[in-house]
Every structure is written in structure tokens, then in C-alpha cells.
Amino acid sequence: MSKIHNEVLLANRDYVSSFNKGDLAMPPARQFAILTCMDARLDPAKYAGLSEGDAHVIRNAGGRASDDAIRSLVISYKLLGTKEWFVIHHTDCGMETFTNDIMSDLLASSLKTASVDATGWHDGGEGPGSTDGKYINWLTIKNQAESVLEDVKRIKAHSLVPSDIPVYGYVYDVKTGRLIEVPEATAAGQAS
């Protein structure tokens, strides 16, 4: 086993020794969901004041409203009763550092981890790669406020999303911990 694997299992053993959350209900107690980025610097429980069982937290690269994220939000509402949703992107996001073409080219070169420096992304791995990356929209980000607005609009326009669910748009500042509202996104996400 790897060092990380062992650390996770040891941490879980410690967690289990004082675990007392077995009676939490499946639906989130505070009836809301957050769609946010998988970035390790973000801790939605801390920045949104959550405890286990409070809310659904859906995470992916960039916190984008992908088909799978919308699937999760719809399940969150339809089967588990959430009534409000937040879309929260963040400053200094890795999704701002590449484009669909850059990702596709890196994957075509090799499947090994790429590196980045002041001149951009570089693939130091040896092939084979795969050209399948060109068929994926990687949902990269050029401007955080615009991407939050785009995602809120996409969620609100989806045929499986009821119009009475408000969707709020924010950008989390990784330097200060502050949630900064994107007023245009929150306006677009109003319940009707």
C-alpha cells in the first residue's frame, strides 16, 4: 500500500472510534445544495458553515454546471428536498490556465501528468496518448464572474429544474476566504 493509502485508512480508523453521526437523515437538514470546485484549498463546510448532514456539496473541476452536476442537483431536489442552490467558483482556479485545445493536445501526446511553468503547459511523458480528449468539452474558464453567470443560466434553463428553485452565484476568494456575490448570476437565478 502507498503512504497516502495507509494515512487515509488510519485517519478513518480514528474517525470511526468517535463516530456518532449514524442517525443523520438522508435528506440534507438545511435543504440546500452547493455546486463548487474540487480544488483542495476550498472547504465548503468551513466557508458555508456546514456540519455533516446539513447540505449537499457537489464538486467537480471548476464547479461547473456539467450534465453530471445538473443530474446531481435534480436528484438533490426531486428525491431529497433541497430548495435552494449555490454555484460557487473561486479565484486562482486551475480551469483558467488551459483551453480545450491545450488539454486535448496534452492528452494526445501522453496520458502522464503534465507540468506548467511561466510559458504554459508541457507534456514530458512518453506516449502513447489518446485523441479522445478532443471530443470532451473541458468547461474551461476565462472569467470567473462570467462562468458563474453561464452556469446559473444553464441550470435555470434546464428542463428538469423547477422555476421556483433560486440559484445563487458566488466566487470564493482563495486569498481571503470571502464569498463574493456575482449579482448578475443571482439575479438570473431568481425563483419565479
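Residues numbered from 1 in each chain as written. Predicted model: local features only at pLDDT ≥ 70, side-chain atom pairs only at ≥ 80, totals over all residues. Heavy atoms only, no water.

An unreviewed UniProt entry lists the protein under the name Carbonic anhydrase, from Methylomonas rosea. In UniProt, the protein has this text filed under Cofactor (unreviewed entry): "Zn(2+)". (UniProt positions renumbered as here; feature names shortened; annotations may be inferred.)

Caption draft 1: Spotlight on the overall build of the protein. A count of helical and extended segments in the protein gives six helices and seven strands. Reading the protein from its N end, one meets helices and strands in the order α-β-α-β-α-β-α-β-β-α-β-β-α. Seen through its principal axes, the protein has C-alpha atoms that stretch 50 × 45 × 35 Å. Across the 192 residues in the protein, those meeting the buried criterion constitute 34%. Across the protein, the 19 positively charged side chains and the 25 negatively charged ones have centroids separated by 4 Å. (Helix = DSSP H or I, 4+ residues; strand = E, 2+ residues; numbered from the N terminus. Buried < 20%, exposed > 50% of the residue type's maximum accessible area, 1.4 Å probe, protein only. Lys, Arg positive; Asp, Glu negative; His and termini not counted. Charge placed at Lys NZ, Arg CZ, Asp CG, Glu CD.)

Caption draft 2: Highlighting the pattern of salt bridges. Counted by the stated rule, this structure contains 10 salt bridges. Close ionic contact of Lys-3 with Glu-7 constitutes a salt bridge, the shortest N to O distance being 3.5 Å. Residue Lys-3 and its partner Glu-7 are both found in helix 1 (residues 3-17); the two are separated by four residues, about one turn of the helix. Given a relative accessible area of 39%, Glu-7 falls into the partly exposed group. (Salt bridge = Lys/Arg side-chain N within 4 Å of Asp/Glu carboxyl O.)

Caption draft 3: Representation of the packing of aromatic side chains within the structure. Counted under the stated rule, the structure contains five aromatic pairs. Between Phe-32 and Phe-86 the ring centres are 5.6 Å apart and the planes differ by 65 degrees, which places this aromatic pair in the edge-to-face class. In this pair, Phe-32 is assigned in strand 1 (residues 32-37) and Phe-86 in strand 3 (residues 84-90), connecting sequence segments 54 residues apart. Residue Phe-32 is classed as buried on the basis of its relative accessible area, which comes to 8%. Accessibility expressed as a relative area gives 22% for Phe-86, which makes it partly exposed. Ring pairing ties together the aromatic residues Phe-32, Phe-86, Tyr-168 and Tyr-170, which thus form one cluster. (Phe/Tyr/Trp six-rings, centres within 6.5 Å; stacked < 30°, edge-to-face > 60°.)

Caption draft 4: Representation of the nonpolar core. If you look at the biggest cluster of nonpolar residues, it comprises 19 residues, and the most contacted ones within it are Leu-35, Trp-85, Val-87, Val-148 and Ile-155. Sorting the residues of this core by element identifies strand 1, helix 3 (67-78), strand 3, helix 5 (144-157) and strand 6 (167-172) as the ones contributing at least two each. The element contributing the most residues to this core is helix 3, with four residues. Among all residues touching Val-87, those that are not within four sequence positions of it are Leu-35, Gly-63, Val-148, Asp-151, Val-152, Ile-155, Val-167, Tyr-168, Gly-169 and Tyr-170. Ile-34, Leu-42, Cys-93 and Met-95 belong to the second largest nonpolar core, which has 15 residues in total. (Core = buried A, V, L, I, M, F, W, Y, C linked by side-chain atoms within 4.5 Å. Contact = heavy atoms within 4.5 Å.)

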